[in-house]
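Breakdown of the fold
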Amino acid sequence: MPAPTPSSLPPLSVLDLAFIPEGATPGRALANSVGLARHAEALGYRRFWLAEHHNMTGIASAATAVVIGHVAAGTRRIRVGAGGIMLPNHAPLVIAEQFGTLESLYPGRIDLGLGRAPGTDGTTLRALRRDYGSAERFPQDVLELQALFGPVRKGQAVQAVPGAGLRVPLWILGSSLFGAELAGMLGLPYAFASHFAPDALLPALAAYRARFQPSEQLQRPYAMVGINVVAAETDAEARRLFTTAQQQFTRLVRGTRGLLPPPIDDIEAYWSPSEKAQASRMLARALVGSRETVRAGLEALTAETGADEVMVASAIYDHEARLASYAILAEAHGGLAAQAPTARSAA
């Protein structure tokens with residue numbers, strides 16, 4: 001394969017869900033997250049984000065701010081953040097204090113992506129003491145959080161300490177037009193969750209760019225696209241590794257939970273035709289294959305979306321195979337080291 005031009009593809013970042021593989025523990029999953037973050041940092045990936053989920057037996061990142069601090073402590077340059085914090089689950093003041101503390105400990109390296117979904121089921125939502133109407137207050141909560149990260153105003157009765165004046169970069173996350181339009185109106189960077197909800201990707205990006213208003217944080221639209229990538233030495237090997245993600249998404253269709261399963265030889269024997277159709281639709285944007293295959297996929301995705309950055313999720317059972325996948329993807333990209341930012345740079 002000819003050497004790729006470093007500037008021809010957007011920067012890559014990592015979305016880690018701290019998956020707990022079958023036969024492992026949450027402690028092992030969190031240790032793997034630190035190992036992956038160090039690996040990604042050495043390869044030149046721009047960011048390493050973790051996501052808030054609750055009551056998910058296969059995901060170890062429920063205490064997201066705690067895990068972000070652990071990963072930031074184990075790395076030196078890569079930006080670390082939330083992809084995302086489900087803001088309706090929390091008081092904005094609590095999030096401002098948590099991420100103000102992280103920014104104080106790791107200056108210039110912390111991102112805060114915000115979503116309005118619960119990140120869990122209805123029963124767990126009630127256990128979190130969240131009411132169903134809290135999502136409707138999401139725009140107001142984002143504005144409140146922005147204010148808490150801004151300079152202290154005269155007469156301000158409640159301050160985030162740490163947090164006030166630190167201007168931690170905010171992102172809006174979404175899988176529909178709502179988040180896209182809100183991010184545009186507020187002049188914030190936008191990340192679309194096409195790694196599990198690809199259908200509205202192009203309309204959401206168009207809505208974001210059309211509604212964008214420059215802000216103090218951001219002068220022009222900045223859109224990040226999330227995708228699943230499984231890379232290996234051959235297409236056949238990558239397709240086998242990908243059966244882990246296919247099983248995982250089939251479980252979503254079935255409404256069941258579980259630890260991250262190992263790959264299998266025959267995915268067709270695992271799912272029914274209707275399950276295959278639903279799981280495959282959610283995984284429609286996945287890039288699976290060798291260096292050449294994922295390179296071609298990245299080029300096509302960039303041409304189609306105009307993405308400013310691509311965030312990669314990889315549900316791979318074996319940790320060493322996951323590390324290898326990110327290394328192969330970096331080689332296919334060809335320019336990560338040249339695009340690696342200083343600690344202070346952010347969208």
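Definitions and limits used
Residues numbered from 1 in each chain as written. Predicted model: local features only at pLDDT ≥ 70, side-chain atom pairs only at ≥ 80, totals over all residues. Heavy atoms only, no water. UniProt positions renumbered as here; feature names shortened; annotations may be inferred. Helix = DSSP H or I, 4+ residues; strand = E, 2+ residues; numbered from the N terminus. Rg over C-alpha atoms; globule rule 2.2 N^0.38 Å. Buried < 20%, exposed > 50% of the residue type's maximum accessible area, 1.4 Å probe, protein only. Contact = heavy atoms within 4.5 Å. Areas by Shrake-Rupley, 256 points an atom, 1.4 Å probe, with all protein chains shown as cover. Lys, Arg positive; Asp, Glu negative; His and termini not counted. Charge placed at Lys NZ, Arg CZ, Asp CG, Glu CD. 1 Å grid on protein atoms, 1.4 Å probe; cavity = no way out; pocket = protein on both sides within 12 Å on 5 of 7 lines; lining within 4 Å. Points joined across faces, edges and corners; volume = space filled by probe spheres on them. Nonpolar A, V, L, I, M, F, W, Y, C, P; charged D, E, K, R; others polar. Salt bridge = Lys/Arg side-chain N within 4 Å of Asp/Glu carboxyl O. Pairing = 2+ DSSP bridges.

- If you look the chain up in an unreviewed UniProt entry, it shows as LLM class flavin-dependent oxidoreductase from Methylorubrum rhodesianum.
- Among the UniProt annotations of the chain, the heading Sequence similarities (unreviewed entry) holds the following wording: "To bacterial alkanal monooxygenase alpha and beta chains."

**Structural notes on the overall build of the chain**
- Regarding its fold elements, the chain presents twelve helices and nine strands.
- Relative to the 2.2 N^0.38 estimate, which gives 20 Å for 347 residues, the radius of gyration of the chain is 19 Å and therefore close to what a compact globule would have.
- In terms of principal-axis extent, the alpha carbons of the chain reach across some 65 × 50 × 40 Å.
- In the chain, which comprises 347 residues, the proportion classed as buried is 56%.
- Taking the intrachain contacts of the chain between residues at least 6 apart in sequence as the baseline, contacts between residues at least 24 apart amount to 73%.
- For the chain, the accessible area works out to roughly 14,300 Å², and carbon and sulfur atoms hold 57% of it.
- Positive and negative charge centroids in the chain, built from 31 and 30 side chains respectively, lie 6 Å apart.

**Side note on empty space enclosed by the protein**
- Scanning the entire structure with this criterion turns up one cavity of 30 Å³ or more.
- Reported here for the largest cavity is a volume of approximately 50 Å³.
- What lines the largest cavity is Phe19, Pro21, Asn32, Leu260, Ile316, Tyr317, His319 and Arg322.
- Its residues placed into classes, the lining of the largest cavity shows five nonpolar, two polar and one charged.

**A few points about unusual backbone geometry**
- Here the amide bond leading from Gly83 into Gly84 is cis, since omega sits at 10°, within 30 degrees of zero.
- Its location among the elements puts Gly84 in strand 3 (residues 79–86).
- At Ala18, a residue that is not glycine, the phi angle is positive and equals roughly 50°.
- In this structure, Asn55 takes a positive phi of about 60° despite not being glycine.

**Thoughts on the layout of surface pockets**
- Of the pockets and cavities examined, the second largest pocket occupies roughly 280 Å³.
- Around the second largest pocket, the lining is made up of 13 residues, and of these Gln146, Arg167, Val168, Glu216 and Gln217 lie nearest the centre.
- Here the lining of the second largest pocket is composed, by residue class, of seven nonpolar, four polar and two charged.

**Details of the pattern of salt bridges**
- By the definition in use, this model includes 16 salt bridges.
- In this structure, the salt-bridge partner of Arg281 is Asp199, at a minimum N-O distance of 2.6 Å. In this pair, Arg281 sits in helix 9 (residues 273–282) while Asp199 sits in the loop between strand 6 (190–192) and helix 7 (201–211), placing the two residues 82 residues apart along the sequence.
- Since its relative accessible area comes to 53%, Arg281 is described here as exposed.
- Of the charged contacts, one joins Arg285 and Glu304 as a salt bridge, the two residues approaching to 2.6 Å between their closest N and O atoms. With Arg285 in the loop between helix 9 and strand 8 (287–289) and Glu304 in helix 10 (residues 291–305), this pair connects stretches of sequence that are 19 residues apart.
- Judged by its relative accessible area of 42%, Glu304 is partly exposed.
- Connected through shared salt-bridge partners, Arg47, Arg79, Asp111 and Glu309 make up one network.

**Observations regarding the environment of Gly306**
- Within the fold, Gly306 resides in the loop between helix 10 and strand 9 (309–313).
- Residue Gly306 is classed as partly exposed on the basis of its relative accessible area of 39%.
- A sequence separation of 19 residues divides Gly306 from Ser325, and the C-alpha atoms of the two residues are 24 Å apart.
- Once residues within four sequence positions are removed from consideration, Gly306 is found in contact with Arg209 and Leu301.

**Quick look at the pairing of strand 7 (residues 223–231)**
- Taken across its nine residues, strand 7 has nine buried, putting it largely inside the fold.
- In strand 7, alternate side chains face the same way, and those of Ala223, Val225, Ile227, Val229 and Ala231 on one face and Met224, Gly226, Asn228 and Val230 on the other are all buried.
- In the sheet, strand 6 pairs with strand 7 via three bridges, with the strands oriented parallel. Looking at the pairing, Ala191 lines up with Met224 of strand 7.
- As paired strands, strand 7 and strand 9 are joined by five bridges and run parallel to one another. Opposite Ile227, over in strand 9, you have Val312 as the bridge partner.
- The sheet contact formed by strand 7 and strand 8 spans three bridges and is parallel. Along strand 8, the bridge assignment pairs Ala231 with Gly289.

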